[in-house]
Amino acid sequence: MTATRPILFLLLAAGVCTFASAQPLKLRPGLWELQTTMKSSSGQMEAALAQMQQQLASMPPEQRKQMEQMMGGMNLPSSDGSHTMNICMTQKDVDLDHVDMREGCTQKTTRIDARTLKVSFQCSARADEPASSGEGTITIASPTAYSGKQQVKTTVDGKAEQMNMTQTGKWLASDCGKVKSWSEK
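Residues numbered from 1 in each chain as written. Predicted model: local features only at pLDDT ≥ 70, side-chain atom pairs only at ≥ 80, totals over all residues. Heavy atoms only, no water.

## Focus on the overall build of the protein
Item 1. Secondary structure summary: the protein contains four helices and seven strands in total.
Item 2. Seen in sequence order, the protein has helices and strands lined up from the N terminus as α-β-α-α-β-α-β-β-β-β-β.
Item 3. The burial tally for the protein puts 29% of its 185 residues in the buried class.
Item 4. Look at the contacts in the protein between residues 6 or more apart in sequence, and 57% of them connect residues 24 or more apart.
Item 5. Working note: accessible area of the protein is about 11,800 Å², and carbon and sulfur atoms make up 57% of it. (Helix = DSSP H or I, 4+ residues; strand = E, 2+ residues; numbered from the N terminus. Buried < 20%, exposed > 50% of the residue type's maximum accessible area, 1.4 Å probe, protein only. Contact = heavy atoms within 4.5 Å. Areas by Shrake-Rupley, 256 points an atom, 1.4 Å probe, with all protein chains shown as cover.)

## Focus on the state of the cysteines
Item 1. Counted by the stated rule, this structure contains two disulfides.
Item 2. The disulfide that involves C88 links it to C176, with 2.1 Å between the sulfurs. The S-S bond linking C88 to C176 shows a torsion near 80°; that makes this disulfide right-handed. Placement of C88 in strand 2 (residues 82–89) and of C176 in the segment after strand 7 (159–173) is noted, with a sequence separation of 88 residues between them. One exposure class covers both C88 and C176, and it is buried.
Item 3. Disulfide partner of C105: C123, at an S-S distance of 2.1 Å. Residues C105 and C123 share a disulfide whose torsion about the S-S bond is about 110°; that sign makes it right-handed. On the criterion of sequence distance, the pair formed by C105 in strand 3 (residues 105–111) and C123 in strand 4 (residues 116–123) is long-range, its members being 18 residues apart. (Disulfide = S-S within 2.5 Å.)

## Focus on the packing of aromatic side chains
Item 1. Applying the stated criterion across every chain, the model contains one aromatic pair.
Item 2. Aromatic side chains W32 and Y146 sit 5.4 Å apart centroid to centroid with 50° between the ring planes, which places their arrangement in the tilted category. Separated by 114 residues along the polypeptide, W32 in strand 1 (residues 30–40) and Y146 in strand 6 (residues 145–156) bring together distant segments of the chain.
Item 3. W32 sits in the buried class, given a relative accessible area of 0%.
Item 4. When its relative accessible area of 3% is taken as the criterion, Y146 is described as buried.
Item 5. The ring of W171 is capped by R28, whose NZ or CZ atom sits 4.7 Å from the centre of that ring. (Phe/Tyr/Trp six-rings, centres within 6.5 Å; stacked < 30°, edge-to-face > 60°. Lys NZ or Arg CZ within 6 Å of the ring centre and 35° of its normal.)

## Brief notes about the sheet that holds strand 1
Item 1. Read from one edge of the open sheet, seven strands run 2-1-7-6-5-4-3, paired in antiparallel fashion. Looking along the sheet, the strands with just one partner apiece sit at the ends: strand 2 and strand 3. Averaged over all neighbouring strand pairs, the angle between strand axes comes to 25°, with direction disregarded.
Item 2. Looking at chain direction, strand 3 and strand 4 are connected through seven bridges and run antiparallel. When the bridges of strand 4 are listed, K108 appears paired with S120. (Pairing = 2+ DSSP bridges. Axes fitted to C-alpha atoms, helices over the stretch in contact; angles between N-to-C directions.)

## With respect to the pattern of salt bridges
Item 1. Going through the model one piece at a time under the given rule, you end up with three salt bridges.
Item 2. Note that E33 is salt-bridged to K170, the shortest N-O span being 3.8 Å. Residue E33 is located in strand 1, and its partner K170 is located in strand 7; the two are separated by 137 residues in the primary sequence.
Item 3. In this structure K170 comes out as partly exposed when scored by relative accessible area, which is 44%.
Item 4. One salt-bridge network, held together by shared partners, links K26, D97 and R111. (Salt bridge = Lys/Arg side-chain N within 4 Å of Asp/Glu carboxyl O.)

## Here's the deal with the confidence of the model for the protein
Item 1. Confidence in the prediction for the protein averages 79 pLDDT; 72% of positions are at 70 or higher.
Item 2. The spread of mean pLDDT over the elements of the protein runs between helix 1 (residues 4–22), the lowest at 48, and strand 5 (residues 132–142), the highest at 95. (pLDDT = per-residue confidence, 0-100.)

This is the structure in structure tokens:
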């Protein structure tokens, strides 16, 4: 009887470890830095961004400041399609696994395993963006870091365009400061 106790203990411990590792890993609510890079299938987006960056760089400082104010202080992507911004994730966003939700978008999230999310989304057209849709995966490395890949379908100059997006998220602080979550906008 005593020889079976160590075996039972090992089986019980293995079961507890399996259960613990199967628990979904959740992100920490708060202020996040999101870095994205988009590559278009046609290269049109990258060319337009490069042209816009050149035009802004060639403006006199006062005119550039006025243009940036007119654009509402938008943090424009660089000519290579990379973009960094801060986002706020509330406890509700974290509980629903809503990562990088944007205003005017609906998102469906499905857990594949404890660390991997499958996302699909639809975004309505806005003044600064055409309608888009897409799908991809998000991998949660820890409560303070994630990465993802998504394929985005949209239209550019009336033509269908597909973009591949990679992203990384890094938790910065529990207080979002003046940055509002998508659900608060």
